[in-house]
Amino acid sequence: MVLVRLGIFWLLLSLAAAAPAATFTLERPDGSRIAYHVDRQRARGPVLLMLQGSGCDQVARNRNIRAMAPLLAPRHAVLTIEKYGVTRDSDEHCTSEYWRGNTLTQRVLDALQVVAQLRRERWWNGELVLFGGSEGGAVAAMLAPLVPETKAVIVYSSGIGLPLGEMIRSAIPPEMNAEALRVFAEARANPAADRRWSGAGYRWWADAVDLVPARSLILTPAPVLMIHGTSDESAPIASARAARDLVRAAGKANFTYREYEGYDHFMADAGGSHRDAVMVAAADWLRRLPRRR
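As the structure is a prediction and not an experimental result, all values here were calculated from the model.

Visitor: Honestly, the pattern of salt bridges in this entry has me stumped. Any pointers?
Guide: Should the charged atoms of two oppositely charged side chains come close, the side chains can pair. Counted according to the given criterion, the structure contains 14 salt bridges. Note that arginine 241 and glutamate 259 form a salt bridge whose closest N and O atoms lie 2.9 Å from each other. Of this pair, arginine 241 sits in helix α10 (residues 237-249) while glutamate 259 sits in strand β10 (residues 255-260); the two residues are 18 residues apart in sequence, bridging distant segments of the chain. With a relative accessible area of 31%, glutamate 259 lands in the partly exposed category. Through salt bridges that share partners, Glu179, Arg182, Glu186 and Arg195 make up one connected network.

Visitor: I would appreciate a short explanation of the state of the cysteines in the present structure.
Guide: The bond known as a disulfide is covalent and runs between the sulfur atoms of two cysteines. In total, this model carries one disulfide according to the counting rule given. The partner cysteine of cysteine 56 in its disulfide is cysteine 94, sulfur to sulfur 2.1 Å. Of note, the bridge from cysteine 56 to cysteine 94 carries an S-S torsion of about -85° and is left-handed in sense. With cysteine 56 in the loop between β3 (45-51) and α2 (63-72) and cysteine 94 in the loop between β4 (77-81) and α3 (96-101), this pair connects stretches of sequence that are 38 residues apart.

Visitor: Mind showing me how you'd approach the layout of surface pockets here?
Guide: Once rolled over the atoms, a probe with the size of a water molecule shows which space is left empty. Taken as a whole, the largest pocket encloses approximately 1,000 Å³ of empty space. Considering the residues around the largest pocket, the lining is formed by 42 residues, among which Gly53, Ser54, Ser134, Glu135 and His265 are closest to the centre. Only β3, α2, β5 (124-133), α5 (135-143), α6 (164-171) and α8 (202-208) provide two or more residues apiece to the lining of the largest pocket. Taken together, the residues of the lining of the largest pocket break down into 20 nonpolar, 17 polar and five charged.

Visitor: Looking at this structure, how should I read helix α7 (residues 177-189)?
Guide: A turn of α-helix holds 3.6 residues, and therefore any two residues three or four places apart point the same way. In a regular helix each residue adds 1.5 Å, so 13 residues correspond to 18 Å; α7 covers 19 Å between its end C-alpha atoms and thus fits that length. Residues Asn177, Ala180, Val183, Phe184 and Ala187 constitute the buried set of α7. Axial view of α7: buried residues confined to an arc of 115°, hence all on one face. In α7, those exposed residues whose orientation departs by more than 90 degrees from the buried face are Ala178 and Ala189. Where α7 is buried, its residues contact α6, β7 (196-197) and α8.

Visitor: Hey, could you run me through the pairing of strand β2 (residues 33-39) in this one?
Guide: Consecutive side chains along a regular strand alternate between the two faces of the sheet. Alignment of strand β1 (residues 22-27) against β2, held across six bridges, turns out to be antiparallel. Considered in β2, the bridge of glutamate 27 is made with arginine 33. From the end of β1 to the start of β2, which pair antiparallel, there are five residues, and glycine 31 there has a positive phi angle of about 95°. Across four bridges, β2 lies against β4 in antiparallel orientation. Pairing of aspartate 39 across the sheet is with valine 78, part of β4.

What counts and how
Residues numbered from 1 in each chain as written. Predicted model: local features only at pLDDT ≥ 70, side-chain atom pairs only at ≥ 80, totals over all residues. Heavy atoms only, no water. Salt bridge = Lys/Arg side-chain N within 4 Å of Asp/Glu carboxyl O. Helix = DSSP H or I, 4+ residues; strand = E, 2+ residues; numbered from the N terminus. Buried < 20%, exposed > 50% of the residue type's maximum accessible area, 1.4 Å probe, protein only. Disulfide = S-S within 2.5 Å. 1 Å grid on protein atoms, 1.4 Å probe; cavity = no way out; pocket = protein on both sides within 12 Å on 5 of 7 lines; lining within 4 Å. Points joined across faces, edges and corners; volume = space filled by probe spheres on them. Nonpolar A, V, L, I, M, F, W, Y, C, P; charged D, E, K, R; others polar. Expected span 1.5 Å × (residues − 1). Arc of directions from axis to C-beta. Contact = heavy atoms within 4.5 Å. Pairing = 2+ DSSP bridges.

Just distances and angles here, no functional claims.
If you want it as structure tokens, here you go:
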């Protein structure tokens, strides 16, 4: 056990000492810019695309991603993509561009554009692992069948088996359900850029409420690992079980579902955080996958 801890210590130390991630930009069709970051530890190799959850914080400053990535896939380059309208100032407040342009569909389109650029890079070997947590899990599921280079998909604490509006309603207090239904109807009818509810703009709600992202997992030939805690209050376990049942009923063979008893949205319980152990277990699953020909 001591040797294992020392090994992890030196691994993390060496990663911390490495050069910081390089930032690049691409132009969207509407003239705005996609900012993405590549932390490349090897001259040539696979890429781990880490898709963050909700909010307008910079992914470049996301401590959870920086902690999880080396545990999950230490030999992969790490790719992260900023959401529409996220800037250095977004950690203080969400920009008007974020409220106007950030949707699940836009995140998928941005990732497709970044992957298209990656295909031009000599150092990339054409292998991509998708990891999405919470909202990012929905993006990973939707993206997977659209990118043929996808080697594996990991969906973490993400309620993607029910229409997302229904999943959200199951996670909020019952007294807010009527308000949610009203907002969803208003957003569908008029996804105004200047209106927002519960941390998301009406355009986000209009795009998301009727989506069942798990349906996309059926379409990808890549192996899929779903991870969920039974005490998750942000994405209730029923939504994960619905995804499990949906994918299995479709006959997808290379699908693994792991449910952690008593763990919350962040893989913690009364005894503390178990996130690192969950990541190490996911890394073992990833390492044991058959090599692509």
